[in-house]
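# Coordinate analysis (summary)
So you can see what is in the structure, the chains are spelled out below.
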Amino acid sequence: MSDALADWKPDVLGVEGKVLPVVTAPAGVLSSEGAEVDPADPAVVQLAADLVATMRVSPGCVGLAAPQVGVGAQVFVVDVTEHPKTVTAHGTFVLCNARVVEASRWRPGREGCMSVPDLTGDVKRAGRVVVEAVLPGTGEPVRLTTDAFEARALQHEIDHCAGKLFLDRVAGAHAIYQRKVYL
Amino acid sequence: MNELAITVIGPDRTGIVAEVSEALAGVGANLSDSTMTRLRGHFAMTLICTGAAAEDVEKALAPLQGVLTTVRAVAPEADADVAGEPYLVSVHGADRLGIVAAVTRVVAAAGGNITDLTTRLTGPLYVLIAEVDVPAGRADDLAAQLAVAAQELGVEVTLRRAESDVL
Ligand SMILES: [Zn+2]
C-alpha cells in the first residue's frame with residue numbers, strides 16, 4: 001500500500017463537502033465516459049469533498065463516482081471499511097483518473113448501485129486488483145493493491161467513470177433481481 | 001411420449017407453486033422442464049410435462065382460484081444444436097415502445113438465436129438482458145448493428161461474450 005494513501009484523510013482536501021443529489025438511470029451522464037481531470041483543479045478538490053459528504057449521508061453506500069452526482073469526470077470515493085465482505089480496506093479515499101492495471105481471481109458476486117436503486121445483479125469481478133490513480137489536491141500518484149470487496153467496489157466505481165453500469169456486465173438473463181423492500 | 005405445454009398465470013400468492021405442482025402430480029404429470037417467475041406481481045409458470053392427458057390436467061388445474069391456465073398437447077422437440085457462440089446483450093435506458101422488438105430484430109437479422117431473455121421496468125428505467133447464440137464470426141457485425149439501433153432508440157447497449165466455466 002502506498003504511503004500516500006495510508007496518510008490520506010478527507011480533511012486534507014481542506015474544503016467542506018456538500019451533499020449532492022444522486023442521479024439515477026436512465027440519465028445520460030451515467031452512460032457517458034467521464035473526462036480525465038486535473039487533480040489540482042479546485043473544482044476537482046471540491047468534487048472530491050462533495051463525493052465523500054454524499055457517500056457519508058447515504059446508508060449502506062460504499063462508493064460513489066462523479067457521474068452519480070451528475071459530473072462526467074473520472075473521480076470517485078470508496079470506503080468499504082464497515083462491510084462484512086471486506087478483507088483488505090484502505091479506509092476512505094478519493095481517486096482521480098484511476099485505471100485497473102492488474103486483475104485476477106475472477107468471481108461472481110451480487111451488486112447494487114445507488115443509481116439503479118430497484119435492481120441488483122450478479123457480476124463477475126476480479127477478486128484481486130492493482131489500481132493506479134492520482135490523489136485529488138496533491139496529484140500524487142498512487143498504486144493500490146487490494147482484494148475481495150474493496151476490489152469489487154473499485155471496479156464498480158471505475159466502470160462508472162467509463163460510463164458503464166453493472167447492468168452492462170450482468171452474468172445472464174436471470175442474473176438481475178428486483179431489490180426487495182423490507183419495511 | 002406425448003408432451004403437454006402448460007402455462008399458468010395469476011396474482012402471486014403464497015403456496016401457488018405448491019398448488020399447481022400438487023394438481024399436476026395428482027394426475028400423474030411429470031414436470032420435465034419448467035420455469036416459474038414473478039412478473040410485476042403476477043405469478044407466471046411455463047412447463048413441459050409428460051405422463052398425463054390434456055383433459056385430466058385441465059380438470060386438475062380448473063379449481064385453482066383466479067389463475068389463467070392453458071394446456072396443449074405438443075410433439076416432442078429435440079433441443080436445437082448449439083449453433084454459434086454464447087453472447088450476452090444488455091440494454092438499458094428510458095422506457096419507450098418497441099425496444100424489445102427493435103433489439104431482437106437486429107439480433108435475428110445477424111443470425112443470432114435468443115435462448116433466454118428478461119426485461120424489467122423499474123420506474124422510468126427499462127432493462128433488457130438477452131442470452132444469444134451468435135454464428136461464428138458475426139459478433140462484431142452484430143455489435144455494430146446493435147449500436148445503430150441503440151442510438152435510434154436512445155438506449156445503451158453492450159454485447160459481450162458469455163462465460164461458461166465448467167467445473
Ligand atoms: Zn454504482
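Per an unreviewed UniProt entry, the recorded name for chain B is ACT domain-containing protein, and the organism is Actinoplanes nipponensis.

An unreviewed UniProt entry lists chain A under the name Peptide deformylase, with Actinoplanes nipponensis as the source organism. Note on chain A: under the UniProt heading Catalytic activity (unreviewed entry), the record states "N-terminal N-formyl-L-methionyl-[peptide] + H2O = N-terminal L-methionyl-[peptide] + formate".

### Observations concerning the overall build of chain A
From N to C terminus, chain A includes 3 helices and 6 strands. Here the C-alpha atoms of chain A give a radius of gyration of 15 Å, agreeing with the 16 Å that 2.2 N^0.38 yields for 183 residues. Seen through its principal axes, chain A has C-alpha atoms that stretch 45 × 35 × 30 Å. Within the span of chain A, comprising 183 residues, buried residues form 52% of the whole.

### Considerations on the environment of L47 of chain A
All names here are of chain A. Looking at the element boundaries, L47 is found in helix α2 (residues 42–56). Assessed through its relative accessible area of 9%, L47 is described here as buried. With 32 residues separating them along the chain, L47 and V15 place their C-alpha atoms 9.8 Å apart. Once residues lying within four places of it in the same chain are set aside, the contact partners of L47 are A66, V69, V71, A73 and V75.

### Thoughts on the coordination of the zinc ion
Tetrahedral coordination by four donors places them ideally at 109.5 degrees to one another around the metal; octahedral coordination by six donors ideally gives 90 or 180 degrees. Residues and elements named next belong to chain A. Protein coordination of the zinc ion is provided by C113 (SG), H156 (NE2) and H160 (NE2), with donor distances spanning 2.0 to 2.3 Å. Binding-site remark: the zinc ion is held by donors from one chain whose sequence spacing is C-x42-H-x3-H. One end of the pair, C113, is in strand β3 (residues 93–113); the other, H156, is in helix α3 (residues 148–161), and 43 residues separate them in sequence. Each member of the pair, C113 as well as H156, is classed as buried.

### Side note on the interface of chain B and chain A
Each partner contributes to the interface: chain B provides 21 residues, whereas chain A provides 19 residues. Here chain B and chain A share an interface that buries about 1,700 Å² over both sides, 58% of which is from carbon and sulfur atoms. In this assembly, chain B and chain A are joined by 0 salt bridges. Put simply, chain B and chain A have 7 residue pairs in polar contact (both at pLDDT 80 or more) between them. Looking at the side of chain B that touches chain A residue by residue, the classes come out as 7 nonpolar, 7 polar and 7 charged.

### Thoughts on the sheet that holds strand β8 (residues 155–161) of chain B
Residue and element names in this part refer to chain B. Strand order across the open sheet formed by 4 strands is β6-β7-β5-β8, with antiparallel pairing between neighbours. Since the sheet does not close on itself, it has two edges, and those belong to β6 (113–122) and β8, each with one partner. Sheet twist, expressed as the mean angle between neighbouring strand axes with direction ignored, is 10°. By the bridge criterion, 10 bridges tie strand β5 (residues 85–94) to strand β7 (residues 125–134) in an arrangement that is antiparallel. Pairing of G93 across the sheet is with Y126, part of β7. The strands touched by helix α4 (residues 139–153) are β5, β7 and β8; relative to β8, the strand with the most contacts, the crossing angle is about 165°.

### A few points about the packing of helix α1 (residues 16–26) of chain B against helix α2 (residues 54–61) of chain B
Residues and elements named next belong to chain B. In contact at an axis separation of 9 Å, α1 and α2 are set at 140° when each is read in the N-to-C sense. Seen along the crossing, α1 lies across α2 with a hand that is right-handed. Facing V20, A23 and L24 of α1, the residues of α2 in contact are V57, A60 and L61. Tallied by class, the residues present in the contact of α1 with α2 amount to 6 nonpolar, no polar and no charged.

### Some thoughts on unusual backbone geometry
Apart from glycine, the bulk of residues carry a negative phi angle, and the bulk of peptide bonds sit in the trans form. Note that the residue after A25 of chain A, namely P26 of chain A, is joined by a cis bond; omega there is 5°. Summarising the element assignment, P26 of chain A is placed in the loop between α1 (3–6) and α2. We note that R105 of chain A has phi near 55°; this positive angle belongs to a residue other than glycine. Mapped onto the secondary structure, R105 of chain A falls in strand β3. In this model, R40 of chain B sits at a positive phi of 45°, which is unusual for a non-glycine residue. Here R40 of chain B is to be found in the loop between β2 (30–39) and β3 (42–50).

### Some details on the side chain of D168 of chain A
Position of D168 of chain A among the secondary structure elements: in the loop between α3 and β6 (176–178). Despite being buried, D168 of chain A has no salt bridge partner; K164 of chain A is the closest side chain of opposite charge, sitting 4.8 Å away. Polar side-chain contacts of D168 of chain A include one of 2.9 Å to the side chain of H92 of chain B. When sequence neighbours within four positions are dropped, the list of residues in contact with D168 of chain A reads G163 of chain A together with S90, H92, T158 and R160 of chain B.

### A few points about the pattern of salt bridges
Pairs can form between side chains of opposite charge whenever their charged atoms are close. Residues and elements named next belong to chain A. The final tally for this structure, using the stated rule, is 13 salt bridges over all chains. A salt bridge links E102 to R128, with the nearest nitrogen and oxygen atoms 3.7 Å apart. Of this pair, E102 sits in strand β3 while R128 sits in strand β4 (residues 116–134), and the two are 26 residues apart along the sequence. Of the residues examined, E102 reaches a relative accessible area of 36% and is grouped as partly exposed. With relative accessibility at 25%, the residue R128 sits in the partly exposed group. A salt bridge links E132 to R143, with the shortest nitrogen-to-oxygen separation between them at 2.5 Å.

Analysis parameters
- Residues numbered from 1 in each chain as written.
- Chains lettered and ligands numbered in written order.
- Predicted model: local features only at pLDDT ≥ 70, side-chain atom pairs only at ≥ 80, totals over all residues.
- Heavy atoms only, no water.
- UniProt positions renumbered as here; feature names shortened; annotations may be inferred.
- Helix = DSSP H or I, 4+ residues; strand = E, 2+ residues; numbered from the N terminus.
- Rg over C-alpha atoms; globule rule 2.2 N^0.38 Å.
- Buried < 20%, exposed > 50% of the residue type's maximum accessible area, 1.4 Å probe, protein only.
- Contact = heavy atoms within 4.5 Å.
- Donors = N, O, S within 2.8 Å, 3.2 Å for Na, K, Ca; no water.
- Buried area = accessible area lost by both parts, 1.4 Å probe.
- Salt bridge = Lys/Arg side-chain N within 4 Å of Asp/Glu carboxyl O.
- Polar contact = N/O pair within 3.5 Å; in protein donor to acceptor, adjacent residues only side chain to side chain.
- Nonpolar A, V, L, I, M, F, W, Y, C, P; charged D, E, K, R; others polar.
- Pairing = 2+ DSSP bridges.
- Axes fitted to C-alpha atoms, helices over the stretch in contact; angles between N-to-C directions.
- Left-handed = near helix turned anticlockwise from the far one by under 90°.
- Lys, Arg positive; Asp, Glu negative; His and termini not counted.

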